[in-house]
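What follows is the residue order along each chain.
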Amino acid sequence: MDIREKVDALTARLHDSPRYPSQGAVLFADLERREHFSRYLPMDAFRAFLSNRGGNMYLLYNLYLDGRDPLDPQIPLIFGSGVLTGMIPTAARGNVTGIAPDSYAIMDSNCGDAFPTFLKFHGYDHLVLFGKASGWILLEISGGEVVFHDASPYLGMDNSDFTRAVEKDFSCTERKDMALARITRAGENLVLCAGIMGGPKAIYARGGTGAKMGSLKVKAVMVRGRCGQPGVSAAFKENNRDIAHRILSSSAVKHALMTVGTPFLYKPSRILGAMGAKNNQETSWYDSLDADNFDAYRPGMDGCLKCPVRCRPLNDLTPEGKGGWGAGALKGVAGNAGYDESQAVIEHRRKNAYKGIRGDGKFDRHDKGDGPDYVTLGKMGPMIGIREPEQVARLNNIVNDLGLDSASTGSAIAWAMELYQRGIITARDTGGLDLSWGNYEAIEKLLFMTAGREGFGNVIADSNRAVERGRYPQEALKYRMAVKGLFQSDPHDARILKGFALGLAVATRGMDHLRNRPTLEINARINDNPELKAALRGARVREHLRRRRRRGHMPLRDEAVQLTVHGGL
């Protein structure tokens, strides 16, 4: 049986018309034959799985061909939007699903910004891509029309250049009358840590989504044309206002997410001793990366389409940058201070002293962008030995433009750096690159090499599969931080967070904090309340371990639970 027989068997059980008024269709696109058609999921499937990720999984289960490589065009790539996407506050996200080329598990990746809402409002809950196009294509969805455009003129373009080119060629503007899910040269080159970009910062990141889309020869999926929210009742609108008010009035949103974004989490993690540094060899890092050190370069906030929180910080390192947004926002917010309440009153007041990344007064396109978020801050900061906020912001802008998953890319570089530190690989293996911790010049160069699969970048591009593909010796697996073949998504060292560590070990898509979330364990009030913590855990944390953590020491890997699982669970 091949994928077309699977599609035929599934669609025989689907419907030609919606099962409820706001249901979107499933759009099937055969890329090899350049054919398409639509059907609707049955109500029993919707009741069991809803839409978005659940609906995607239903489709994948019915279309999956066992024993195929994840990059095989017989394995589909499936986009989904939620039943309420674009309809209620914060419902702004969509999923992409398949089999992950970067791991040994399910590919299940989430993204916000405009694409999920545009897909939903143009009448589609799901998009199923299969088969390999004979040449590179840009798939356009516009109302009821589906067009296969030649994408060869766009090959080699990265995120920002490609988006501007599409806007010019199709006379449209992203987020206004167009949404675009696209890959960069990294996806074209089947880089396993490449993602599918959904905006300047938004990315379907985890599992190698960009490589999968590249294997089908799809440069982008464009949804074109304005999309207004369907007509809703006055009661629905009033309920939305109430939901938005409740969200925006909460302390974490008002004092942190709307003013500095998720980087506010860096400080409590650092104080808690739960910050992964140098490929998890250390558990704390410098306060130079606390969120307020980015104040001088933060001109404002952005967010996903139709989401009122706007939790994405912007950055501008150029002389024209209007920084200062959110300055002082976290001062005195004790709930963000972790164990040490005295840290709540500390404010760094870092000044804008940036003169270009090499201090020569020269600036370029990567000195301005969207982010960083907390994950990128951790992966492009302590995980690879970087301590300066300007360097983190610039690396963030580069990975956004190159379309790389900052979590897997940062982890792959950190893994290489530890191997270099231990002499398992040398400058001869890296092509002369000095992979010492915190070597900014080498890291920046390596990111571009990774996107192009050039030199040692070809090793990083194979992500956690570098040993399997003969890039590293078998000994290297001892230092790979992965579960089910997926590098850790978040920057925590989870050895101090036991429930969190368990969640990382059993998460469906691999070592990922967004498929488990025991947030109470990280909350400062829980950690500062020994009695409550003891009740939650059923025992007290041993006092000598607490004392060692206060002195900045954590158990070595062979003294604690190793979170690396090779080859899956």
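Everything quoted here is computed from the prediction, not taken from an experiment.

Points about the sheet that holds strand β3 (residues 77–81)
Strand order in this open sheet of six strands is β2-β1-β6-β3-β4-β5, and the pairing throughout is mixed. Edge positions in the sheet fall to β2 (35–39) and β5 (106–111), since each has one partner strand and no second. Neighbour-to-neighbour, the strand axes of this sheet turn through a mean angle of 15 degrees, independent of strand direction. Summarising the sheet, strand β1 (residues 25–30) and strand β6 (residues 124–130) pair through six bridges and their orientation is parallel. Note on β6: the bridge partner recorded for Leu-27 is Leu-127. Lying over the sheet, helix α1 (residues 3–11) contacts β1, β2 and β6, oriented at roughly 160 degrees with respect to β1. Sheet strands touched by helix α3 (residues 53–63): β1, β3, β4 (94–99), β5 and β6. Its angle to β4, the strand with the most contacts, is close to 20 degrees.

With respect to the packing of helix α12 (residues 389–402) against helix α15 (residues 440–451)
The contact between α12 and α15 brings their axes to 10 Å, and the two run at 5 degrees. As judged from the angle between their axes, α12 and α15 are roughly parallel. Of α15, the residues touching α12 (which contributes Gln-391, Arg-394, Leu-395, Ile-398, Val-399 and Leu-402) are Tyr-440, Ile-443, Glu-444, Leu-447, Phe-448 and Ala-451. Here the residues of the contact of α12 with α15 sort into nine nonpolar, one polar and two charged.

With respect to the packing of aromatic side chains
Enumeration over the complete set of coordinates arrives at 10 aromatic pairs. Measuring from centroid to centroid gives 4.8 Å for Tyr-20 and Phe-46, while their planes differ by 40 degrees, and the two rings are tilted. One end of the pair, Tyr-20, is in the loop between α1 and β1; the other, Phe-46, is in helix α2 (residues 43–49), and 26 residues separate them in sequence. Judged by relative accessible area, which is 14%, Tyr-20 ranks as buried. Accessibility expressed as a relative area gives 15% for Phe-46, which makes it buried. When the ring of Trp-285 is compared with that of Tyr-286, the centres are 4.9 Å apart and the planes differ by 85 degrees; the resulting orientation is edge-to-face. Of the residues examined, Tyr-286 reaches a relative accessible area of 36% and is grouped as partly exposed. What links up through ring pairs into an aromatic cluster is the set Phe-79, Phe-115 and Tyr-204.

So, the pairing of strand β14 (residues 312–316)
Among the five residues of β14, four are classified as buried, and the element is accordingly described as predominantly covered. Where strand β13 (residues 301–302) lies against β14, two bridges are found, and the strand directions are antiparallel. Along β14, the bridge assignment pairs Met-301 with Pro-313. With three bridges connecting them, β14 and strand β15 (residues 368–370) associate as antiparallel partners. From the neighbouring strand, Asn-315 faces β15, where its bridge partner is Gly-369.

Some remarks on the pattern of salt bridges
Tallying each qualifying case throughout the model produces 44 salt bridges. Taking the shortest distance from any N to any O, the salt bridge between Asp-30 and Arg-4 comes out at 2.6 Å. Separated by 26 residues along the polypeptide, Asp-30 in strand β1 and Arg-4 in helix α1 bring together distant segments of the chain. Residue classification places Asp-30 among the buried residues on the basis of a relative accessible area of 5%. When its relative accessible area of 16% is taken as the criterion, Arg-4 is described as buried. Among the charged side chains, a network of salt bridges with common partners joins Asp-113, Arg-175, Asp-302, Arg-310, Arg-312 and Asp-370.

As for the packing of helix α13 (residues 406–421) against α15
The contact between α13 and α15 brings their axes to 12 Å, and the two run at 125 degrees. Taken as axis vectors, α13 and α15 run oblique relative to one another. Crossing geometry of α13 relative to α15 is assigned as right-handed. Contacts between α13 and α15 pair Thr-409, Ile-413 and Met-417 from the former with Ile-443, Leu-446 and Leu-447 from the latter. Looking at the contact of α13 with α15 residue by residue, the class counts come to five nonpolar, one polar and no charged.

Here's the deal with the sheet that holds β14
Strand order across the open sheet formed by three strands is β13-β14-β15, with antiparallel pairing between neighbours. Among the strands making up the open sheet, the edge pair consists of β13 and β15. Each of β14 and β15 touches α12; the most contacted strand, β15, lies at about 70 degrees to it.

Notes on the environment of Leu-65
You can see Leu-65 is positioned in the loop between α3 and β3. Beyond its immediate sequence surroundings of up to four residues, Leu-65 is in contact with Met-1, Asp-2, Ile-3, Lys-6, Gln-74 and Ile-75.

A look at unusual backbone geometry
Residues Gly-371 and Pro-372 are joined by a peptide bond in cis, for which omega reads 5 degrees. Residue position: Pro-372 is located in the loop between β15 and α11 (374–379). The backbone of Leu-50 sits at a positive phi, close to 55 degrees, despite the residue not being glycine. Take Leu-50: it is sitting in the loop between α2 and α3.

Re the confidence of the model for the protein
Per-chain confidence: the protein averages 90 in pLDDT, with 90% of residues scoring 70 or above. In the model, residues 543–569 has pLDDT below 50 throughout and makes 52 contacts with residues more than four positions away in sequence or in other chains.

Some details on the environment of Gly-131
Relative to the helices and strands, Gly-131 resides in the loop between β6 and β7 (137–142). Looking at Gly-131, the relative accessible area reads 7%, which means it is buried. Separated by 127 residues in sequence, Gly-131 and Arg-4 place their C-alpha atoms 8.8 Å apart. Apart from the residues within four sequence positions on either side, Gly-131 is in contact with Leu-31, Glu-32, Pro-73 and Leu-216.

Some thoughts on the nonpolar core
Among the nonpolar cores identified, the biggest contains 58 residues, and Ile-384, Trp-415, Phe-456 and Tyr-472 are the most heavily contacted of them. For this core, the secondary-structure elements that each account for two or more residues are α11, α12, α13, α15 and α16 (457–461). Excluding its chain neighbours within four sequence positions, the residues that come into contact with Ile-384 are Lys-379, Leu-395, Gly-410, Ile-413, Ala-414, Met-417, Trp-437, Gly-438 and Ile-443. With 52 residues, the next largest nonpolar core counts Phe-115, Val-146, Phe-148 and Phe-170 among its residues.

Procedures and definitions
- Residues numbered from 1 in each chain as written.
- Predicted model: local features only at pLDDT ≥ 70, side-chain atom pairs only at ≥ 80, totals over all residues.
- Heavy atoms only, no water.
- Pairing = 2+ DSSP bridges.
- Helix = DSSP H or I, 4+ residues; strand = E, 2+ residues; numbered from the N terminus.
- Axes fitted to C-alpha atoms, helices over the stretch in contact; angles between N-to-C directions.
- Contact = heavy atoms within 4.5 Å.
- Parallel < 35°, antiparallel > 145°, perpendicular 65-115°, else oblique.
- Nonpolar A, V, L, I, M, F, W, Y, C, P; charged D, E, K, R; others polar.
- Phe/Tyr/Trp six-rings, centres within 6.5 Å; stacked < 30°, edge-to-face > 60°.
- Buried < 20%, exposed > 50% of the residue type's maximum accessible area, 1.4 Å probe, protein only.
- Salt bridge = Lys/Arg side-chain N within 4 Å of Asp/Glu carboxyl O.
- Left-handed = near helix turned anticlockwise from the far one by under 90°.
- pLDDT = per-residue confidence, 0-100.
- Core = buried A, V, L, I, M, F, W, Y, C linked by side-chain atoms within 4.5 Å.

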